[in-house]
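An overview of the molecular structure
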Amino acid sequence: LKERKKLDVDDIKIEAPVELEEVDFPFSINAVPQWIFDRGFTASTLRLWGCGTDNNGSLGIPVNTLENTTVGWIKRHPANMFPKYLYGPKDKFKKSLVLFGADKCIQQAKHLYLYIVEGSLDAMWLNQHGFNAVALLGLYLSKWQEKLLQKVMSNGGYKEIVLCLDNDEAGQIGIEKLYPRVSKYFITSICRLPSGYKDVQEIRDSKILIDAVNNRQTLLI
């Protein structure tokens, strides 16, 4: 078996590269756009994640620190607007300094497995189906996100990381780069999505989703 480095919790109590300031959430939290329900999300899930909307019918999703402080937000536009995602506040929010959903995965720790996905909706979708997940908000894991991940694993009592990136060429490249880094510390596996589905949020059939996410494999690298 591969030897893994022993984690000392004190080693991951480090200062962030920059101070993360609390920000206002510029969305109405009394409503969400109808289209998000068409994608299968429930009202309880959207309330849990603190979602809201704006006058353009976009979905607003707060981004929190491990201590549940809002330090940014994600705007997911309706299908007819581009780009699909905007992150804010502009010039302040740094995706590389947060791990989306990490606060929920510590508060709701009840599983052995922690799933890593690319997008915020993917993390929310897995959470709705009973799987704890964090999102990189992209393909790559920064050094600071690596420290956050170690802290979530230690504080949440997780035993295994499951990489569940998008089912495309970029996602597979991301897995190849990510696997050696996280497997140094934790048992790490991957889940292969069925053909025809780009990401977990495209799998609307609960049985297919659960079967796919539970079908973990270990890479021999």
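Further up the page is the structure itself.
A short tour of the structure in this document, coming up. (Residues numbered from 1 in each chain as written. Predicted model: local features only at pLDDT ≥ 70, side-chain atom pairs only at ≥ 80, totals over all residues. Heavy atoms only, no water.)

Some remarks on the overall build of the protein chain
To keep things clear, this is the line we draw: Only DSSP runs of H or I reaching four residues or more are called helices, and only runs of E reaching two or more are called strands; each is numbered from the N terminus. Throughout, the radius of gyration refers to the C-alpha atoms, and the reference size of a globule is 2.2 Å times the residue count to the power 0.38. A 1.4 Å probe rolled over the protein chains alone gives each residue an accessible area, and that area as a share of the maximum for its type sets the label: buried under 20%, exposed over 50%, partly exposed in between. Method for areas: the Shrake-Rupley scheme with a 1.4 Å probe, in which residue coverage is limited to the protein chains shown. For the purpose of counting charges, residues Lys and Arg are taken to be positive, whereas Asp and Glu are taken to be negative. His and the chain ends are not included. A charged residue contributes its charge at one atom only: NZ of Lys, CZ of Arg, CG of Asp or CD of Glu.
Secondary structure summary: the protein chain contains 7 helices and 9 strands in total. Scaling as 2.2 N^0.38, a compact globule of 221 residues should have a C-alpha radius of gyration of about 17 Å, and the protein chain matches this with 17 Å. Its C-alpha atoms put the protein chain at 55 × 40 × 30 Å along the principal axes. Looking at the protein chain as a whole, 48% of its 221 residues are labelled buried. Of the roughly 11,300 Å² of accessible surface on the protein chain, a fraction of 50% belongs to carbon and sulfur atoms. For the protein chain, the centre of its 28 positive side-chain charges and the centre of its 26 negative side-chain charges are spaced 2 Å apart.

Overview of helix 7 (residues 206-214)
Note the threshold: By construction, the arc corresponds to the directions joining the helix axis to the C-beta atoms. We call two residues contacting when some pair of their heavy atoms lies within 4.5 Å. Any pair of N or O atoms that falls within 3.5 Å is considered a polar contact. Within protein, one atom must be able to donate a hydrogen and the other to accept it, and sequence-neighbouring residues count only if both atoms are side-chain atoms.
What helix 7 keeps buried is the set Leu-209, Ala-212 and Val-213. All buried residues of helix 7 fall inside an arc of 95° around its axis, so they share one side. Structurally, helix 7 contributes buried residues whose contacts are with strand 5 (113-117), helix 4 (120-128), strand 8 (187-191) and strand 9 (216-217). N-cap assignment for helix 7: the residue whose side-chain oxygen lies 3.0 Å from the backbone N of Lys-207 is Asp-205.

Overview of the nonpolar core
Side chains of a nonpolar character, in soluble globular proteins, are inclined to be buried together. Formally: Grouping buried Ala, Val, Leu, Ile, Met, Phe, Trp, Tyr and Cys residues that are joined through side-chain atoms within 4.5 Å yields what is termed a nonpolar core.
Ranked by size, the top nonpolar core spans 34 residues in total, and within it Ile-61, Phe-100, Tyr-115, Met-124 and Leu-126 carry the most contacts. Looking at this core, the elements with two or more residues in it are helix 1 (35-38), strand 2 (59-64), strand 3 (70-76), strand 5, helix 4, strand 6 (133-135) and helix 7. For this core, the element with the highest residue contribution is helix 4, accounting for 5 residues. Among all residues touching Tyr-115, those that are not within four sequence positions of it are Leu-126, Phe-131, Asn-132, Ala-133, Val-134, Val-162, Cys-164, Val-213, Asn-214 and Arg-216.

Considerations on the sheet that holds strand 3
Our working rule: Pairing between strands requires that DSSP locate at least two bridges from one strand to the other. Axis geometry follows a simple rule: fit a line to the C-alpha atoms, using only the stretch in contact for helices, then measure angles between N-to-C directions, giving values from 0 to 180 degrees.
Read across the open sheet, the 4 strands follow the order 1-2-3-4; overall the sheet is antiparallel. The open sheet terminates on both sides in strands that have one partner only, identified here as strand 1 (52-53) and strand 4 (85-88). Inspection of the sheet shows strand 3 paired to strand 4 by 4 bridges, in the antiparallel sense. When the bridges of strand 4 are listed, Ile-74 appears paired with Tyr-87. Helix-sheet contacts for helix 4 involve strand 2, strand 3 and strand 4, and the interaxial angle to strand 2 is about 85°.

Some points on the sheet that holds strand 7 (residues 160-163)
As summarised here, the arrangement of the 5 strands in space is 6-5-7-8-9, forming an open sheet in which the pairing is mixed. Two strands bound the open sheet, and with one partner strand each, they are strand 6 and strand 9. Where helix 4 meets the sheet, it contacts strand 5 and strand 6, and its direction lies at approximately 175° from that of strand 6.

Remarks on the environment of Ile-210
Tracing the backbone shows Ile-210 in helix 7. What makes Ile-210 partly exposed here is its relative accessible area of 31%. Distance in space between the C-alpha atoms of Ile-210 and Val-200 is 9.9 Å, their sequence separation being 10 residues.

Description of the environment of Ser-154
Tracing the backbone through its elements, the reader meets Ser-154 in helix 5 (residues 143-156). Along the primary structure Ser-154 and Val-32 are separated by 122 residues, whereas in three dimensions their C-alpha atoms are 34 Å apart.

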